[in-house]
Amino acid sequence: MPGFEDLLAGVHLPFHPDLVIPELHRVSFPQPEVSPVDDIAAAAEASVLAHFSGAVTPGMTVAVGAGSRGLTGRVEMLAGVVAGLCALGASPFIVPAMGSHGGATADGQRQVLSDYGITEASVGAEIRS
C-alpha cells in the first residue's frame, strides 16, 4: 500500500486523471514529556474530587464515557473516576463512547469494552450500552 513517503517521492498512484493532489508538507508536533502516574485510579479519583466537588451533588446520576482508543490504564482510570463520583454522592454509570466499533450495536460495544477489561465489576459501575 503506498504511503506518504511514496507521494513525496513522486510515485504515480492510480488516481483519476482529473484529481489534483495539492503539495504535501511534513508536519511534526512536539511530544510532551510527562512523568508516569504510579497509581492511576488514585490520581483519577483525586482529579474528580478536585474538579467536580460542588458541581456534582449527592443523588446526581452521572454518565462516564468509556472509549475504545488511545488510552493505557483505562480500567484503572475509569475505576478511579467512578470512585470519585461515588465519594461525591453521585450514581455514576459507564456509557460506551465509540461510534461504529462493535458493529455500532449495544452488545457489540459492550463486548469491545469487555475486551479491554472494562466490566461492571472492574470499574465499579453499571454499563449502559
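Coordinates for the structure precede this section.
Please read these numbers as outputs of a predicted model, since none were measured by experiment.

Thresholds, definitions, all that
Residues numbered from 1 in each chain as written. Predicted model: local features only at pLDDT ≥ 70, side-chain atom pairs only at ≥ 80, totals over all residues. Heavy atoms only, no water. Buried < 20%, exposed > 50% of the residue type's maximum accessible area, 1.4 Å probe, protein only. Helix = DSSP H or I, 4+ residues; strand = E, 2+ residues; numbered from the N terminus. Right-handed = clockwise from strand over helix to strand, strands pointing away. Salt bridge = Lys/Arg side-chain N within 4 Å of Asp/Glu carboxyl O. Contact = heavy atoms within 4.5 Å. Axes fitted to C-alpha atoms, helices over the stretch in contact; angles between N-to-C directions. Left-handed = near helix turned anticlockwise from the far one by under 90°. Nonpolar A, V, L, I, M, F, W, Y, C, P; charged D, E, K, R; others polar. 1 Å grid on protein atoms, 1.4 Å probe; cavity = no way out; pocket = protein on both sides within 12 Å on 5 of 7 lines; lining within 4 Å. Points joined across faces, edges and corners; volume = space filled by probe spheres on them. Pairing = 2+ DSSP bridges. Lys, Arg positive; Asp, Glu negative; His and termini not counted.

**Student:** Before we go on, may I ask you to explain the pairing of strand β1 (residues 61-66) in this structure?
**Tutor:** A regular strand places its side chains on the two faces of the sheet in alternate fashion. Side chains Val-62, Val-64 and Ala-66 of β1 all project onto a buried face; the interleaved residues Thr-61, Ala-63 and Gly-65 project onto a face where none is buried. Following the backbone out of β1, through helix α3 (residues 74-87) and into the adjacent parallel strand β2 (residues 91-96), one traces a crossover that is right-handed.

**Student:** Help me understand the pattern of salt bridges in this model?
**Tutor:** Side chains carrying opposite charge are able to pair once their charged atoms draw close together. According to the stated counting rule, one finds two salt bridges in the structure shown. Between Glu-120 and Arg-110 there is a salt bridge, and its shortest N-O distance comes to 3.7 Å. Here Arg-110 lies in helix α4 (residues 106-115) and Glu-120 lies in helix α5 (residues 120-123), a separation of 10 residues in the sequence.

**Student:** Help me understand the environment of Val-75 in this model?
**Tutor:** Along the polypeptide, Val-75 turns up in helix α3. Considering only alpha carbons, one finds Val-75 and Ile-118, 43 residues apart in sequence, at a separation of 5.7 Å. For Val-75, the contacting residues outside a window of four places in its chain are Tyr-116, Gly-117, Ile-118, Ser-122 and Val-123.

**Student:** For this particular structure, what's the right way to read the packing of helix α2 (residues 40-52) against α3?
**Tutor:** Relative placement of two packed helices is described by the angle separating their axes and the distance separating the axes. Where α2 meets α3, the axes come as close as 7 Å, and the angle between the chain directions of the two elements is 40°. Judged by the sense of rotation from one axis to the other, the crossing of α2 with α3 is right-handed. The residues of α3 that touch α2, namely those facing Ile-40, Ala-41, Ala-44, Glu-45, Val-48 and Leu-49, are Glu-76, Met-77, Gly-80, Val-81, Ala-83, Gly-84, Leu-85 and Ala-87. Here the contact of α2 with α3 is composed, by residue class, of 10 nonpolar, two polar and two charged.

**Student:** Quick question: what am I supposed to make of the layout of surface pockets here?
**Tutor:** Any empty space left between the atoms is revealed when a probe the size of a water molecule rolls over them. Estimates place the volume of the second largest pocket at around 150 Å³. Taken together, Val-37, Ile-40, Ala-43, Ala-44, Gly-70, Leu-71, Thr-72 and Met-77 make up the full set of residues lining the second largest pocket. Top element by residues in the lining of the second largest pocket is α2. It accounts for three residues. Looking at the lining of the second largest pocket residue by residue, the class counts come to six nonpolar, two polar and no charged.

**Student:** Explanation requested: the sheet that holds β1 in the structure shown.
**Tutor:** Neighbouring strands of a sheet are bound in pairs by backbone hydrogen bonds; such pairs are parallel or else antiparallel. Pairing in this open sheet of three strands is parallel, and the strands run β1-β2-β3 from one edge to the other. Every interior strand has two partners, whereas the edge strands, β1 and β3 (126-127), have only one. Where β1 and β2 come together, six bridges link them in parallel fashion. Pairing of Ala-66 across the sheet is with Pro-96, part of β2. Sitting on the sheet, α3 is in contact with β1 and β2, with an inclination near 170° to β1.

**Student:** Would you take a moment to explain the pairing of β2 for this structure?
**Tutor:** Pairing between β2 and β3: two bridges, direction parallel. Its bridge partner being in β3, Phe-93 is matched across the sheet by Glu-126.

**Student:** I would appreciate a short explanation of the side chain of Arg-74 in the present structure.
**Tutor:** If you trace the backbone, Arg-74 turns up in helix α3. One buried charged side chain, Arg-74, makes no salt bridge at all; its nearest oppositely charged neighbour is Glu-76, positioned 8.3 Å away. Apart from the residues within four sequence positions on either side, Arg-74 is in contact with Gly-67, Ser-68, Arg-69, Tyr-116 and Ile-118.

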